[in-house]
Amino acid sequence: MTIDKRSWIRWLAMLPLAACLGAQAQTAPAAAPAAPIPGAIQVISFGGGFNLPLWAAKEQGFFKRHGIEVQHTITADSKQVFSGLMAGQYHVAITALDNILAYQEGQGEVKFDPPSDFFGFMGSDDGFLSLVAAPEVKSFADLKGKTISVDAMSNGFSFALRDMLARNGIKESDVQWARAGGTDRRFAALMEGQHAATMLRAPFDLQAKNRGFNQLATTRSTIGNYMGIVGATRRSWAASNEAQVVSFIRAYRDAIRWLKAPENRPQAQALLMKYVPNMSAQIAAQSCDLLLYPQSGFFSDVQLDDKGIQAVMDLRSKLGDSGQKLNDASKYVDKRYWQKAMQP
């Protein structure tokens, strides 16, 4: 049966969220939200070891050194992130740049009135994205007829996944789709055998490979430059809190530079083991090798990569619901805050 793109995306949006994390999940069970700390920047992100710069900035005092306090919340899915930003519950999100494009183009899962004013103000990394499959799935061809999980079909990394499949001869109609929430939840569902494959960020891909799961491809190997994760906020909040945005960028940058210093590697690994339940010393070491690699790890200057931004725009132009060609990066990013943060 052939389903047109709009009908298919609407159908996906109606699917129930996947089951909660299983016993083998590498993230902590959901906890009641902490009471907001007065004056703190409320930051929200998905769970996982890719929060290492946030943890380092807190533990090593970089946030405090730059005059800010940060309270960090782990989200269940992108709806919580962007609804919370619009409501003022959160101030900053560490999220996929494509999420920003989706909401600014009215293609996100939540429709806002008045329209959203999200933008990216710094870059974190290229996403460290891998398509990881169950042990019995050894090639793209083996995915035919199987179920692949995503956070949401209309935003996030699903476009990179769909492009990856197309490049390897797999049509969207060749597989079944399940909506399973953020990376930590998709990882848990994959480990439990609920789905045959999903897109994972490091270190979840490493954890999966160590359990016999197969890495079929990476965005780096298929797409090249890709602007994965950014620091994002609302333009209205940033305009009224410029000093806090600049200080956040500086603290995040300083944390990454500290993490990448070879002499700090033991402390970096210890942070992963502290904040990611059941993280072994072996996986922590492998994760740091990947996340802190000088050429392809976290961006040392937290820059917004122009080629990577263009790649994200090209994918949404090709696969987005509107079919509109996106070519104005200024609708989704603003480098002024980063430029001020890089000044002495």
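Structure: see above.
Just so it is clear, the model here is predicted, and its values are computed rather than measured. (Residues numbered from 1 in each chain as written. Predicted model: local features only at pLDDT ≥ 70, side-chain atom pairs only at ≥ 80, totals over all residues. Heavy atoms only, no water.)

S.K.: Requested: an account of the packing of helix α12 (residues 265-275) against helix α13 (residues 281-291), with residues and values cited.
M.R.: Direction vectors running N to C along α12 and α13 enclose 120°, while the axes themselves pass 9 Å from each other. Considering the angle they form, α12 stands oblique to α13. Relative to α13, the crossing made by α12 is right-handed. Along the contact surface, α12 presents Arg265, Ala268, Gln269, Leu272 and Met273, while α13 presents Ala281, Ala284, Ala285, Ser287, Cys288 and Asp289. Of the residues belonging to the contact of α12 with α13, the class tally is seven nonpolar, two polar and two charged. (Axes fitted to C-alpha atoms, helices over the stretch in contact; angles between N-to-C directions. Helix = DSSP H or I, 4+ residues; strand = E, 2+ residues; numbered from the N terminus. Parallel < 35°, antiparallel > 145°, perpendicular 65-115°, else oblique. Left-handed = near helix turned anticlockwise from the far one by under 90°. Contact = heavy atoms within 4.5 Å. Nonpolar A, V, L, I, M, F, W, Y, C, P; charged D, E, K, R; others polar.)

S.K.: Describe the side chain of Ser158, naming the residues involved and giving the relevant values.
M.R.: Topologically, Ser158 is positioned in helix α6 (residues 158-167). Setting aside its immediate chain neighbours within four residues, Ser158 contacts Val150, Ala152 and Met153.

S.K.: How would you sum up the pattern of salt bridges? Please name residues and give values.
M.R.: Using the criterion set out here, one finds 19 salt bridges in the structure. Taking the shortest distance from any N to any O, the salt bridge between Asp126 and Arg220 comes out at 2.7 Å. Of this pair, Asp126 sits in the loop between β4 (118-125) and β5 (129-133) while Arg220 sits in helix α9 (residues 219-222), and the two are 94 residues apart along the sequence. The exposure class assigned to Asp126 is buried, which follows from its relative accessible area of 11%. Residues joined by salt bridges that share partners form a network here, namely Asp163, Arg167 and Lys318. (Salt bridge = Lys/Arg side-chain N within 4 Å of Asp/Glu carboxyl O. Buried < 20%, exposed > 50% of the residue type's maximum accessible area, 1.4 Å probe, protein only.)

S.K.: Let's hear about the sheet that holds strand β9 (residues 214-218): which residues, and what values?
M.R.: The mixed open sheet is built from five strands, whose spatial order is β7-β6-β8-β5-β9. In the strand order of this sheet, the two ends are held by β7 (176-179) and β9, each with one partner. With strand direction ignored, the average angle separating the axes of adjacent strands in the sheet is 35°. As paired strands, β5 and β9 are joined by four bridges and run antiparallel to one another. Bridge pairing in β9 places Ala133 opposite Asn214. (Pairing = 2+ DSSP bridges.)

S.K.: Give me the nonpolar core: which residues, what numbers.
M.R.: Counting residues in each nonpolar core, the largest one holds 108 residues, and the members touching the most others are Leu131, Leu143 and Phe248. Excluding residues within four positions of it along the chain, Leu131 makes contact with Phe140, Leu143, Leu161, Met164, Leu165, Ala197, Thr198, Met199, Asn214, Gln215, Leu216 and Ala217. (Core = buried A, V, L, I, M, F, W, Y, C linked by side-chain atoms within 4.5 Å.)

S.K.: Which residues make up the sheet that holds β4, and what values do they have?
M.R.: Strand order in the open sheet formed by five strands is β2-β1-β3-β10-β4, with mixed pairing between adjacent strands. Strand pairing shows two members of the sheet lacking a second neighbour, β2 (70-75) and β4, which therefore form its edges. Averaged over all pairs of adjacent strands, the angle between strand axes in this sheet comes to 30°, irrespective of strand direction. Pairing of strand β1 (residues 41-46) with strand β3 (residues 92-96) involves three bridges; the strand directions are parallel. The residue of β3 that forms the bridge with Ile44 is Ala93.

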